[in-house]
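Listed here are the chains, written in short residue letters.
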Amino acid sequence: MAQPQPSLFEQFASGWRGYALIALIALMSGLFGAGRVPVMDADEARFAQASRQMVESGEYVLIRLQDEERRLKPIGVYWAQAASVQLFEPLTGRTNAIWPYRLPSALGIVLAALAVLWGGTALIGSRAALYGAGLFAAGVLVGFEGMTAKTDALLLGFTTLAMAALARLRAPAVRPGPRVLALVFWAALALGVMIKGPVTPLVVALTLLAIAGWERRFAWMKPLAWWPGPLLAVAIVAPWAVLVSIETNGRFFADMFAEDIVPKLLSGQESHFALPGFHTFLLPFLIFPATYALPAAARIVLDAVRAPRNDDGQAPIRFLIAWAVPILIFFELAPTKLPHYALPAYPAIALLCGAGLSAIMGRRWRTAHPAGVVMFAVCGISIVALMAASATFMPGDFAADFRRAVSTALIGIGVVGAGTVALIMLRRPAARAAAMVLCALVLSFSLRERLLPEARSLFVSSEAVAALTRARLTPRDTRPLWVVGYNETSLVFLTRTSIRVTEPMQAAEMAEAGDAMIVEGRLLQTMASDLEVRGLAFSPAEPPVRGFALGRGERVALFVGQVTEAPVLNEAADGR
């Protein structure tokens, strides 16, 4: 009996056009704001500055932040950012333009979205996989991480690729062959290790243990033991690991585990403690617009859990559950919590949402539709409320802030309302998916291209540099810049690596008349007293720069000025 021909939509979804569409959505989602939003504290500025120092110094084994060795993450993301900067430096003419450092993250999101489609096609079919990949690529958190020069987007890309290779290993009729898939898996695993150490192996191990314990079938995993695969992984990781161990006498990996990994597992590192349930509560907001399909995805999960273990029809869903649930539980139990920690589970959840979106038209699934519409509207309006709140961080009086917040809220509610009406009126899953993706992209564009760049009170370092420029105090080789009481790395990135971030006493002992200086308001009197001992004074050039320092979690006032001779000495001389 002849096999039925796939529909035109299925041919589109499984062909190059489907992959091109997903890549375009992911690239747009990741690049919104990349060239407009200033460098952000705390982590992004640290990664970008360390990568910048690699380019400036030519040192590509050790990671440094000014004079301090940085031993918290492997080298991979720094290499990727440094390569991007060197590629685009002829266009920017400088090494402190932030967008080249963000480009690897955007490409990481593209890789993750393509891997979702590639692996999902083998699990749930090309149509549902296309829906899931599109919703994933347009996701609020995924897109924001794609705009941020950190590890998480690249880690997500390589982790998802490794998991997609595993997914295709479970479907032996799907090309390429098992040995090629094993090589892809081991290469992606090793690259994930080079980005963020044990996270990718953790996701893989939890998934394999969960699915093996659930199904009690192991034969499909045998290609992973083909010896060239592990050898390829060792060849990727070992050269740098050996070199950095020699350079640091073995301290690098000991410090990475002792200062970064272990504290996150034992306590709320850097005050990032949260109770279990944190990631589950945030999921509907951060995975938006896939929020609509979460009730249907939950129904699919429930059916798979209830089905017999030997029900092969539920095998793809079991794999997605084994991928998403253990990693969510792990990060829920870990004391240290940040929203992006659960990102490795998002591809599997997005594919479950894609499968739910395909099934939601059936009679059994009708209750999932109104529940999904309500969740979509509530989460969308909540995101708009946060966008309106960010409008109040722009410079201006209260009346201007209020008008801006109201206009932002009205526009956002209009976008979410249009998306909600489309979900109610449209019948085809493809049309609903398109409406959700468009709604999410418009909100992301509004937030990252329009609102955040103007929220200057959130980017104190950028405003301080603007004040330095107006006062003609920008640091040069012949004029140092002293920074007292404000240790955010973004200020280093936006100026020069050689600026001196220090305490009042050291600055007072070493500063000379004519030096530029930035002093945080709470240390202004202390700085003045310490300088007075040497007959010097600090003269602010203009009113202080005020704002909210994201890295410190508090409001600051930065006085920008210059060290001068103390006028008291001149008055005393006149009196004689």
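Before reading on, note that the structure itself is shown above.
Now for a look at the structure at hand.

Points about the nonpolar core
- Formed by 139 residues in total, the largest nonpolar core has its most connected members in Phe 136, Leu 166, Phe 185, Tyr 346 and Ile 349.
- Ranked by residues supplied to this core, first place goes to helix α8 (residues 152-169) with 13 residues.
- Those residues in contact with Ile 349 that lie beyond four places of it in its chain are Leu 283, Ile 287, Leu 294, Ala 324 and Leu 328.
- Counting 19 residues, the second largest nonpolar core, distinct from the first, contains Val 460, Ala 464, Ile 499 and Val 560.

Side note on a nonpolar patch on the surface
- A contiguous nonpolar surface patch, about 370 Å² in accessible area, is contributed by Phe 257, Val 262, Leu 265 and Leu 266.
- Considering the arrangement of structural elements, one finds Phe 257 in helix α12 (residues 251-266).

What about the pairing of strand β5 (residues 516-520)?
- Buried residues dominate β5, accounting for five of its five residues.
- Residue alternation in β5 divides its side chains into two sets, Ala 516, Ile 518 and Glu 520 and Met 517 and Val 519, and both sets are buried.
- Where strand β3 (residues 481-484) lies against β5, four bridges are found, and the strand directions are parallel. In the sheet register, Val 483 faces β5, and the bridge partner there is Ile 518.
- Taken together, the five bridges between β5 and strand β8 (residues 554-565) define a ladder with antiparallel strand orientation. When the sheet's bridge partners are listed, Val 519 is paired in β8 with Phe 559.

Let's talk about the packing of helix α9 (residues 178-196) against helix α11 (residues 228-247)
- For the pair α9 and α11, the least separation of the axes is 8 Å and the interaxial angle reads 20°. With respect to α11, the element α9 is oriented roughly parallel. The handedness of the crossing between α9 and α11 is right-handed. Mapping the contact onto sequence places Leu 183, Trp 186, Ala 187, Ala 190, Leu 191, Val 193 and Met 194 in α9 and Pro 228, Gly 229, Pro 230, Leu 232, Ala 233, Ile 236, Val 237 and Trp 240 in α11.
- For the contact of α9 with α11, the per-class residue count stands at 14 nonpolar, one polar and no charged.

Points about the pairing of β3
- The two faces of β3 match: Leu 481 and Val 483 on one face and Trp 482 and Val 484 on the other face are all buried.
- Pairing geometry for β3 and strand β4 (residues 500-502), over three bridges, is parallel. Along β4, the bridge assignment pairs Val 484 with Thr 502.

A look at the environment of Pro 543
- Along the chain, Pro 543 turns up in the loop between β6 (536-540) and β7 (545-549).
- Sequence spacing of Pro 543 and Arg 179 is 364 residues, and the spatial spacing of their C-alpha atoms is 66 Å.

Regarding the pattern of salt bridges
- In the structure shown here, the tally under the stated rule is 21 salt bridges.
- Residues Arg 318 and Glu 215 are paired through a salt bridge, measuring 3.0 Å at the closest nitrogen-oxygen approach. Within this pair, whereas Arg 318 is found in helix α15 (residues 315-333), its partner Glu 215 is found in helix α10 (residues 199-215), the two being separated by 103 residues in sequence.
- The class for Glu 215 is buried, based on a relative accessible area of 5%.
- A salt bridge links Glu 454 to Arg 456; its shortest N-O distance comes to 3.6 Å.
- Counted as one network, the salt bridges with shared partners bring together Arg 64, Glu 69, Arg 71, Arg 251 and Asp 255.

Conventions we followed
Counting from 1, residues in each chain are numbered in the order their sequence is written. Reporting in this predicted model follows two pLDDT cut-offs: at least 70 for local features of residues, and 80 or more for side-chain atom pairs to be given and counted; totals over whole chains, interfaces and linings ignore these cut-offs and use all residues. Computation of side-chain values covers all heavy atoms of the structure but excludes hydrogens and water. Among buried residues, those of type Ala, Val, Leu, Ile, Met, Phe, Trp, Tyr and Cys that are joined through side-chain atoms within 4.5 Å constitute a nonpolar core. In this scheme, a residue with accessible area under 20% of its type's maximum is buried, one over 50% is exposed, and one in between is partly exposed, where area comes from a 1.4 Å probe on protein chains only. The helix count covers DSSP runs of H or I at least four residues long, the strand count covers runs of E at least two residues long, and both are numbered beginning at the N terminus. Every residue pair with non-hydrogen atoms within 4.5 Å of one another is taken to be in contact. Patch members must show over 30% relative accessible area and no salt bridge, and they are joined within 9 Å when carrying like charges or within 5 Å when they are nonpolar side chains of Val, Leu, Ile, Met, Phe, Trp or Tyr. The method behind every accessible area is Shrake-Rupley, applied with a 1.4 Å probe, and residues are considered shielded solely by the protein chains displayed. By definition here, a salt bridge exists when the distance from a side-chain nitrogen of Lys or Arg to a carboxyl oxygen of Asp or Glu is within 4 Å. By the convention used here, strands pair only if DSSP detects at least 2 bridges between them. Between N-to-C directions, angles cover 0 to 180 degrees, with each direction set by a line fitted to C-alpha atoms, over the stretch in contact for helices. If an angle is under 35 degrees, it is roughly parallel; if it is over 145, roughly antiparallel; if it lies from 65 to 115, roughly perpendicular; otherwise it is oblique. Should the near helix be turned anticlockwise from the far one by less than a right angle, the crossing is left-handed, and should it be turned clockwise, the crossing is right-handed. Residues are grouped as follows: Ala, Val, Leu, Ile, Met, Phe, Trp, Tyr, Cys and Pro are nonpolar; Asp, Glu, Lys and Arg are charged; all remaining types, including Gly, are polar.

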